[in-house]
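Here's the letter readout for the chains.
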Amino acid sequence: MPPRSALDPLTMTDEMEAIDEATQYRRKIDHTLARFSAAHDEMNAEEEKRRVRRERLSPASILESTRTALQRVVTTTPQGEDEAVSEEQAAQTRLQEKKARKIERSVRFGRIAAAVVAGLVFLGIGGAWGAQTYFDAKFTQVSALDENSADIQDADAQANDENFLMVGSDTRDGASAEEGVGTADSNPGARSDTVMVAHIPADRKRVVVTSFPRDLEIDRPECQRWDPAQSKTTDEKVPEQKIAKLNTAYAVGGPPCTTKVIQQLTGLRINHFVGIDFNGFKEMVDAVHGVTVHNETPIDDTTLGKVLMETGDVTISGDQALNFVRARHVKGDPTSDYGRIKRQQEFIGALLRKVMSSDVVLDPGKLSDFITAFAKATFGDNLGVKQMMTLAQSMKGLDSSKITFLTVPTVGLPNSRGNEVLVRSKTKSLFDALRNNTPLPDANAPVPPSEQASPTSTSKSKTGSSKSTTTSKKSSTTG
């Protein structure tokens, strides 16, 4: 046996005698378990302290401590003060109960309010969708567009542009003899008194409205015959005509033929067609309780009579508005169609401004009446409340300097057939700029000599000069 000093104490018994390896291994396990047990006991003690602390600081414990303290006070209080302490204790208890009820009521009201708001949002979205669906169903849909036409130029540049072709139909269906515009018997069929394109580029930073004279000379393509009573084309084909007036495109081929002609002239992709029956036009104006226009000179028409004799800012009703946009034989106005185009452009801007004003938008009755009247008098392709709001908001939301009204460039003198003739070079520059969203060309640029009116023309000037025909007009009435 080795000397006692060389022995490991863990290998010795209480009698300092050596033990075997099994005993040594068991003792190491015992020591390890003892350490874990001690650590566990310490953790339990700490957890118990934390539990006691939490209970002591809990609202229930505080209330119980307060109640116990009050009881001690009561037991040591002289008999004469017992009632006062009891009343104070009761008052505090009632205050606590009242506060608890108030908190509970606030939580309950909050939940109810949240549910109500959620319901209103749901109903609002559903109601708006339902209203739009309801009004969209009132629009008469016709087939007018051809967005894949070979006449469309710079198609990629026009990818997200909006082009509204707006045609005012002068059908006399429903018109009375007293209105002075003729009746369906004396003027059968339908013609386009107004043709204009509202161009809104993809960036929505400007709006350009271009009007086309009804007597513009065109090369009319072959079109299918249009039946205005059924609002659709027939199987009959109308052969092309090399020399024709623009308004005959609508008379023989309706919306599809008019769209085809305008796409040939402009290269624009027409993606919205809006046809307006002028006989129902006045109901839209009456629905918003009149529209204010700025009239510079009295309008006395040899056919329609005294249309509007007041000058300045004048609010006109439906009947006046109808004659205001129709008058083309105004005394003292040698421009005829060009004067009417100017009035039509001004009135459309004023009408859109009125419709988008708070006076109409925030009045459900007026807005509903206007949309109903508009849908009743309107027909189109890719047309509905959403599309018209896009047009109206674009013209309402932009600064007036960003909204340009102009007339397609013509030579300014009718030819021997009484037709207006395009200045091809200036027309090309104008619509190139619209398609590619580049600055508009100078409308006052001189007409190239090769495109000037023939000196042999004996017809009187419609505009006095080509300059006034092509000058753009900044809208001051669209807001």
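Residues numbered from 1 in each chain as written. Predicted model: local features only at pLDDT ≥ 70, side-chain atom pairs only at ≥ 80, totals over all residues. Heavy atoms only, no water.

J.: Explain the overall build of the protein to me, please; I cannot follow it from the model alone.
T.: Counting its regular elements, the protein contains 12 helices and 16 strands. Counting every position in the protein, which comprises 479 residues, the buried fraction comes to 41%. When contacts within the protein are restricted to residue pairs at least 6 apart in sequence, long-range pairs at least 24 apart make up 69% of them. (Helix = DSSP H or I, 4+ residues; strand = E, 2+ residues; numbered from the N terminus. Buried < 20%, exposed > 50% of the residue type's maximum accessible area, 1.4 Å probe, protein only. Contact = heavy atoms within 4.5 Å.)

J.: Is there a simple way to explain the nonpolar core in this structure?
T.: Side chains of a nonpolar character, in soluble globular proteins, are inclined to be buried together. One finds Val274, Phe281, Leu308, Ile316, Phe324, Phe347 and Phe370 to be the most contacted residues of the largest nonpolar core, which totals 46 residues. Here Phe281 is in contact with Ile276, Ala321, Leu322, Val325, Phe347, Leu351 and Ala377, once residues within four sequence places are set aside. One finds Ile218, Leu265, Leu268 and Phe379 within the second-largest nonpolar core, a separate group that totals 30 residues. (Core = buried A, V, L, I, M, F, W, Y, C linked by side-chain atoms within 4.5 Å.)

J.: Can you walk me through the pattern of salt bridges in this structure?
T.: Oppositely charged side chains are able to pair whenever their charged atoms sit close together. In this structure the tally under the stated criterion is 17 salt bridges. Residues Glu236 and Arg225 are paired through a salt bridge, measuring 3.4 Å at the closest nitrogen-oxygen approach. Taken together, the residues span a long stretch of sequence, with Glu236 in strand E7 (residues 232-238) and Arg225 in strand E6 (residues 223-227) at a distance of 11 residues. Judged by its relative accessible area of 43%, Glu236 falls in the partly exposed class. Close ionic contact of Lys366 with Asp359 constitutes a salt bridge, the shortest N to O distance being 3.0 Å. Residue class for Lys366 comes out buried when judged on its relative accessible area of 12%. A relative accessible area of 37% places Asp359 in the partly exposed class. Through salt bridges with shared partners, a single ionic network connects Asp154, Lys428, Asp432 and Arg435. (Salt bridge = Lys/Arg side-chain N within 4 Å of Asp/Glu carboxyl O.)

J.: What am I meant to see in helix H7 (residues 337-355) here?
T.: Each turn of an α-helix holds 3.6 residues, which means side chains three or four residues apart point in the same direction. An ideal rise of 1.5 Å per residue puts 27 Å on 19 residues; H7 measures up with 27 Å between its terminal C-alpha atoms. The element H7 is largely enclosed, with a buried count of 16 among its 19 residues. (Expected span 1.5 Å × (residues − 1).)

J.: For this particular structure, what's the right way to read the state of the cysteines?
T.: Each disulfide is one covalent bond, formed between the sulfur atoms of two cysteines. According to the stated counting rule, one finds 1 disulfide in the structure shown. There is a disulfide in this structure between Cys223 and Cys257, and the S-S distance comes to 2.1 Å. Looking down the S-S bond of the Cys223 and Cys257 bridge, the torsion is 65°, so its handedness is right-handed. Taken as a pair, Cys223 in strand E6 and Cys257 in helix H4 (residues 246-266) lie far apart in primary sequence, 34 residues in all. (Disulfide = S-S within 2.5 Å.)

J.: Would you mind showing me how to read the packing of aromatic side chains here?
T.: The description of an aromatic ring pair rests on the distance of the ring centres and on the angle between the ring planes. Under the definition given, this model contains 4 aromatic pairs. Measuring from centroid to centroid gives 6.5 Å for Phe273 and Phe379, while their planes differ by 35°, and the two rings are tilted. With Phe273 in strand E9 (residues 272-277) and Phe379 in strand E14 (residues 378-381), this pair connects stretches of sequence that are 106 residues apart. Across the pair, exposure class does not vary: Phe273 and Phe379 are buried alike. A centroid spacing of 6.2 Å and a plane angle of 50° characterise the contact between Phe324 and Phe347, whose relative ring orientation is tilted. Of this pair, Phe324 sits in helix H6 (residues 318-326) while Phe347 sits in helix H7, placing them 23 residues apart in sequence. Of the two residues, Phe324 and Phe347, neither departs from the other in class, the shared state being buried. (Phe/Tyr/Trp six-rings, centres within 6.5 Å; stacked < 30°, edge-to-face > 60°.)

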